[in-house]
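Summary of structural features
This is what each chain is made of:
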Amino acid sequence: EAKAREEALLAELRKALTLTVYEKGFVPANYEAGRYKDYITIKAAYQNDAGKEIRAFQGDIIFQDLFGEVIFQSSLKITDPIKAGEKATWDGAIDYNQFMDTHEKLRNTNIKDMKIIWAPKTIIFSDGTKIGEENREE
């Protein structure tokens, strides 16, 4: 029963806010440009389908191989309001560590060879209502 409630909540959150990762890249360190670390870059587009303005949201982006094995998981928190029906984009970067297997796999796996799952956790609306983690009844 708890699993069914969790699945229903996830479906409700995904219906209210869709998110798609459309690009993944790599930016090497460049000391002359003042960039002292390597980065894996991620670009995503999201859309508010909730019917009212979203004030903020958070969730996880899960990168899996074609067999469903998790390559990397990253938390995402957006606090820029988005009006009902509107789309927006987000550009992010992960500090790349060549000694971490998960970072190596994420960097070297082509985006077309991954399943990318949006797992929203909480959506806060501008009217003060919210759906998600904090609303769960135990």
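This text goes with the structure placed above it.
Residues numbered from 1 in each chain as written. Predicted model: local features only at pLDDT ≥ 70, side-chain atom pairs only at ≥ 80, totals over all residues. Heavy atoms only, no water.

**Overview of the sheet that holds strand 7 (residues 130–132)**
Spatially, four strands are ordered 4-3-6-7 in an open sheet, and the strand pairing comes out antiparallel. Since the sheet does not close on itself, it has two edges, and those belong to strand 4 (70–78) and strand 7, each with one partner. Shown here is a sheet whose adjacent strand axes are inclined to one another by a mean of 20°, direction ignored. Here strand 3 (residues 54–65) runs beside strand 6 (residues 114–125); their pairing, made up of 11 bridges, is antiparallel. Across the sheet, the residue bridging to Asp65 is Met114, located in strand 6. This element, helix 1 (residues 2–16), spans strand 3, strand 6 and strand 7 of the sheet and lies at about 85° to strand 6. Sitting on the sheet, helix 2 (residues 101–108) is in contact with strand 3, strand 4 and strand 6, with an inclination near 85° to strand 4. (Pairing = 2+ DSSP bridges. Helix = DSSP H or I, 4+ residues; strand = E, 2+ residues; numbered from the N terminus. Axes fitted to C-alpha atoms, helices over the stretch in contact; angles between N-to-C directions. Contact = heavy atoms within 4.5 Å.)

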